[in-house]
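# Reading the structure
Each chain is listed here by its residues.
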Amino acid sequence: MTITATKKPVIGFLPAMLPSAKPAFAEFVGIADPKALADVDGVVIAGEVDQHRRLVQTAAEAGVRAILCESPLATTLAGARALVDACERRDVRLALAFPCRYSPAFKRLREQVRAGAVGDVVAIRATSHGPIAEEQKSAGVLLDRAAQLVDLSRWLLGREASEVYAETANRFYDGSGEDSALLSIKFADTFATVDARWSHSKSYPAAGEVTLQVVGTGGVLDLDMFSQGLALSSAKDGRISWPGWGSDIAVGMISDFARLVAGEPAPNLATGEDGLRALEVAFAAHRSAEREEPVSVG
Amino acid sequence: MSERVALIGAGTMGGVHAQAWKALPDVDLVAVLDPRRQAADALGPAYTDWDTMLSQTRPDIVDICVPTPFHREYVERAASAGKAIFVEKPLSRTLADCDAIVETVERAGVPTMAGHVLRYFPEYATAKRLVDEGAVGTPAAVRTSRMAGFPHQGIDDWYADSAKSGGVVLDMILHDFDWLRWTFGPVARVFACGLYGRPRYAGEIDYALVTLRFASGAVGHVTGSWAHPGGFRTTLEIAGDGGMIEHDSARSAPLMASLRATGSAGGGVAVPDSPMAEGEDPYFLEIQAFLNALRAGMPPPVTVHDAREATRIALAALESIETGKVVNLQ
């Protein structure tokens, strides 16, 4: 990648949790005080979901060039729309952290689908199952895992969702919002189901899974995104674990974000609009689950 | 005490059933009724006419293995002749037909079993047993899939006519609907997306994704595919608040054959094989269960009521696909 700026872009992380792998073409700093936002070129915003909106707003007002925000942008659609508009007004590039876009296997699947490998796509069947993430607890699994799968489907198909039907439940964890959500989504002629769940019990060895089955007139592609792991059985604790050896998808995403910060194109990175579209489906799913009937999206 | 069995239909299922009847002691396959004389001949004494078959062979049991649209007709014939009945799945193509079948056999008082054989497949029987034993705690989410290429082996390619076969939803994942209801209880509502009713794909591919909400609150997701070109595969996943069960037929087959075709340098398809001991074949087990119940004067383990309920779920899924609406069953 070429850096046109004379110095490396400085990317701040708020809260101050730096990723383990750091690409060499950017400088990473942890941000404890929002005042420090004035000193960085780009910022990655994570942490408690109900703080996202405030932090993105603050970063935009501090004049950063680009913001990478973890899903969801905000806990309301209006809040998310307000952020997208605010960033646009201030010429701040807003990106959504949907790291699954950076799975090399997903990229390969997308290339193959777009090259016609499965013919005309008729359906997508997606799952995202894993242990609960504490900071996502308040948001519910719809805004966390389901939104990511909706984004992958939209990006794969190049289409918008028109309608969604959802069944949600709280069956695995106490005190959270819904911890399982099964969405049926219409994308014009294509349909998709998205199964998002915080359900892996403490005894389950793997960190979770993301799968996609793409069905077309010419065949099927089956993706198991995090299957690249070794089965390790330990006499020490009598358990099997799955140390992964696949590529770190967060690194791929951060690298692309660094390009965005440097003013380079980063077309694979999900934009604020992409985040908004995924949230629209998530909120429509919530309405559908309450009404027990399909609802229109958008 | 040797029961006499008349097999109706000498197609794929007829062949499978014939093998089971022949493997059971003290039961005789005395007739095979099918307009295709050669196919019937290969299985047993061949007949083409019902009345002739009935009067000449005087069966005790009638085993109905004809295509779905003919189930009702043969149940009615067999019931009016006072015969015990084994009828293949789906029970019938419409709910009205199913209701008629249930009424007919109840009125005639003839023991009738439906061929929901998945209950006898060891992985499914074991999974149900584990759930019943509390292995996953309270079940919350269950996913099943049943995937194959498009079936063109039926007589007159009848599977391709979804008006007759009900497509992959009624013909294939009906197995899952019955097993799910057996394991997790009644289904409250159904929502489905699929290719049923879309002429563009007729006879080429069929695919459906069905969402079930059980009365218990658990949620089910069923995949039915006649769009997978590479062989048959099934998967099962049950998640509860106390654990998880997973099964994938592609990963559990003990034997995998990748054989070079004679006279060619290229490879064939890798063919998985999951053999069980003799006497543990699911089709043998279901027919044996029917025979044992009959002899003991007990109700059969899979009733026409069960079959009607499973069919109702499948038909609700088809309705949902067509209308885009949720179908409530309760």
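Residues numbered from 1 in each chain as written. Chains lettered and ligands numbered in written order. Predicted model: local features only at pLDDT ≥ 70, side-chain atom pairs only at ≥ 80, totals over all residues. Heavy atoms only, no water.

### Describing the confidence of the model for chain A
For clarity, the threshold we go by: pLDDT expresses, on a scale from 0 to 100, how confident the predictor is about each individual residue. Counting from the N terminus, the helices are the DSSP runs of H or I reaching at least four residues and the strands are the DSSP runs of E reaching at least two.
Model confidence for chain A is summarised by a mean pLDDT of 91, while 94% of its residues fall at 70 or above. Averaged pLDDT values for the elements of chain A fall to 83 in strand β13 (residues 239–241) of chain A and rise to 98 in strand β15 (residues 295–296) of chain A.

### Thoughts on the nonpolar core
Formally: Residues belong to a common nonpolar core when they are buried Ala, Val, Leu, Ile, Met, Phe, Trp, Tyr or Cys residues joined through side-chain atoms within 4.5 Å. Categorising residues by exposure relies on relative accessible area from a 1.4 Å probe, with only protein chains included: less than 20% of the type maximum marks a residue as buried, more than 50% marks it as exposed, and the intermediate range marks it as partly exposed. We call two residues contacting when some pair of their heavy atoms lies within 4.5 Å.
I67, L183 and V214 of chain A are the most contacted members of the largest nonpolar core, which totals 94 residues. Here this core gets 10 residues from one element, more than from any other, and that element is helix α4 (residues 142–157) of chain A. When near neighbours in sequence (up to four residues on either side) are disregarded, I67 of chain A contacts V43, I45, V56, A59, A60, C87, V92, R93, L94, A95 and F257 of chain A. In this structure, L7, A79, M113 and A307 of chain B belong to the second largest nonpolar core, which totals 52 residues.

### A word on the packing of helix α2 (residues 77–89) of chain A against helix α6 (residues 272–291) of chain A
All names here are of chain A. Formally: Interaxial angles span 0 to 180 degrees and are taken between N-to-C directions of axes, which are lines fitted to C-alpha atoms, for helices over the stretch in contact. Working rule for angles: under 35 degrees goes down as roughly parallel, over 145 as roughly antiparallel, 65 to 115 as roughly perpendicular, anything else as oblique. Ten residue types, Ala, Val, Leu, Ile, Met, Phe, Trp, Tyr, Cys and Pro, are classed as nonpolar, four, Asp, Glu, Lys and Arg, as charged, and the remainder, Gly among them, as polar.
With their axes 10 Å apart at the nearest point, α2 and α6 run at an angle of 170° to one another. Considering the angle they form, α2 stands roughly antiparallel to α6. Along the contact surface, α2 presents L77, A80, R81 and V84, while α6 presents G272, E273, L276, R277, L279, E280 and F283. The class makeup of the residues in the contact of α2 with α6 is six nonpolar, one polar and four charged.

### Some points on the interface of chain A and chain B
Keep this limit in mind: Once two parts are put together, the accessible area they lose, assessed with a 1.4 Å probe and summed over both, is termed the buried area. The working definition used for a salt bridge is a side-chain nitrogen of Lys or Arg within 4 Å of a carboxyl oxygen of Asp or Glu.
Each side of the interface is counted separately: chain A has 38 residues, and chain B has 41 residues. Both faces combined, the contact of chain A with chain B buries some 3100 Å², and carbon together with sulfur accounts for 57% of it. Close ionic contact of R197 of chain A with E237 of chain B constitutes a salt bridge, the shortest N to O distance being 3.0 Å. Those elements that provide at least two residues to the side of chain A that touches chain B are β6 (121–129), β7 (163–169), β8 (180–187), β9 (190–197), β10 (209–216) and β11 (219–224) of chain A.

### Description of the sheet that holds strand β5 (residues 84–88) of chain B
Residue and element names in this part refer to chain B. Using the following cut-off: Strands are treated as partners if at least two bridges between them are detected by DSSP.
Pairing is parallel in the open sheet, where six strands are placed in the order β3-β2-β1-β4-β5-β6. Each edge of the sheet is formed by a strand with only one pairing partner; in this case those strands are β3 (46–47) and β6 (112–115). Where strand β2 (residues 27–33) meets β3, two bridges bridge the pair, whose relative direction is parallel. Residue pairing for β3: L33 is matched across the bridge by Y47. Across the sheet, helix α11 (residues 282–296) touches β1 (3–8), β2, β4 (61–64), β5 and β6, and the angle it forms with β5 is around 160°.

### Considerations on the packing of aromatic side chains
Residues and elements named next belong to chain B. To keep things clear, this is the line we draw: For Phe, Tyr and Trp, rings pair up if their centres lie within 6.5 Å, where Trp contributes its six-membered ring, and each pair is then called stacked (planes under 30 degrees apart), edge-to-face (over 60) or tilted (otherwise). Criterion for a charge above a ring: Arg CZ or Lys NZ at most 6 Å from the ring centre, at most 35 degrees from the ring normal.
What the rule picks out here adds up to 13 aromatic pairs over all chains. Plain terms: the ring middles of Y159 and W226 are 6.0 Å apart, the flat faces sit at 75° to each other, and that makes the pair edge-to-face. Of the two residues, Y159 is situated in the loop between β7 (139–147) and α7 (162–165) and W226 in the loop between β10 (219–225) and β11 (233–240); the sequence distance between them amounts to 67 residues. Just as Y159 is buried, W226 falls in that class too. Stacked on the ring of Y74, the Lys or Arg R77 has its end atom at 5.4 Å from the ring centre.

### Some points on the pattern of salt bridges
Pairing is possible between side chains that carry opposite charge, provided their charged atoms lie close to one another. In the structure shown here, the tally under the stated rule is 37 salt bridges over all chains. Where R143 of chain B meets D195 of chain A, a salt bridge forms, and the shortest distance between an N and an O atom there is 2.5 Å. In this pair, R143 of chain B sits in strand β7 while D195 of chain A sits in strand β9, so the two residues belong to two different chains. One exposure class covers both R143 of chain B and D195 of chain A, and it is buried. One continuous salt-bridge network, built from bridges that share partners, spans R81, D85, E273, R277 and E280 of chain A.

### A look at the sheet that holds β10 of chain B
Residue and element names in this part refer to chain B. Spatially, the seven strands line up as an open sheet ordered β12-β11-β7-β10-β9-β8-β15, and their pairing is mixed. Of all strands in the sheet, those with a lone pairing partner are β12 (243–248) and β15 (327–328), marking the two edges. Two elements, β7 and β10, share seven bridges in a ladder whose sense is parallel. What sits directly across from T144, in β10, is V222. Here helix α6 (residues 122–132) sits on the sheet and contacts β7, β11 and β12; the angle it forms with β11, its principal contact strand, is near 5°. Each of β8 (187–194), β9 (207–214) and β15 touches helix α12 (residues 304–323); the most contacted strand, β8, lies at about 45° to it.

### Thoughts on the side chain of D179 of chain A
Residues and elements named next belong to chain A. Note the threshold: The convention is simple: Lys and Arg are positive, Asp and Glu are negative, and His and the chain ends are not counted.
Tracing the sequence through the fold places D179 in the loop between β7 and β8. For the buried D179, no salt bridge exists, and the shortest N-O distance to an oppositely charged side chain is 7.2 Å, to R171. With residues near it in sequence (within four places) discarded, D179 still touches V141, A169, N170, R171, F172, Y173, A196, R197 and W198.

### Topic: unusual backbone geometry
Following L14 of chain A, the chain continues to P15 of chain A via a peptide bond in cis, the omega torsion being 0°. With respect to the element layout, P15 of chain A can be found in the loop between β1 (10–14) and β2 (27–30). Although it is not a glycine, E292 of chain A adopts a positive phi angle of roughly 60°. Structurally, E292 of chain A is set in the loop between α6 and β15. Under the relative-accessibility criterion, E292 of chain A is labelled partly exposed at 39%. For R58 of chain B, which is not glycine, the phi dihedral falls at a positive 40°. Within the fold, R58 of chain B resides in the loop between α3 (50–57) and β4. The class of R58 of chain B is exposed, set by a relative accessible area of 55%.

### Structural notes on the packing of helix α1 (residues 12–23) of chain B against α11 of chain B
Residues and elements named next belong to chain B. Convention followed: Take the far helix as the reference: if the near one is turned anticlockwise from it by less than a right angle, the crossing is left-handed, and if turned clockwise, right-handed.
Packing of α1 against α11 leaves a shortest axis separation of 9 Å and a crossing angle of 60°. With respect to α11, the axis of α1 lies oblique. The hand of the α1/α11 crossing is right-handed. Across from M13, V16, H17, A20, W21 and A23 in α1, the residues of α11 making contact are Y283, F284, E286, I287, F290 and L291. Of the residues in the contact of α1 with α11, the class split is 10 nonpolar, one polar and one charged.

### Some remarks on the confidence of the model for chain B
Averaged over every residue, the pLDDT of chain B is 94; residues scoring 70 or more account for 97%. Our summary of model confidence lists the complex with pTM equal to 0.93 and ipTM equal to 0.91.

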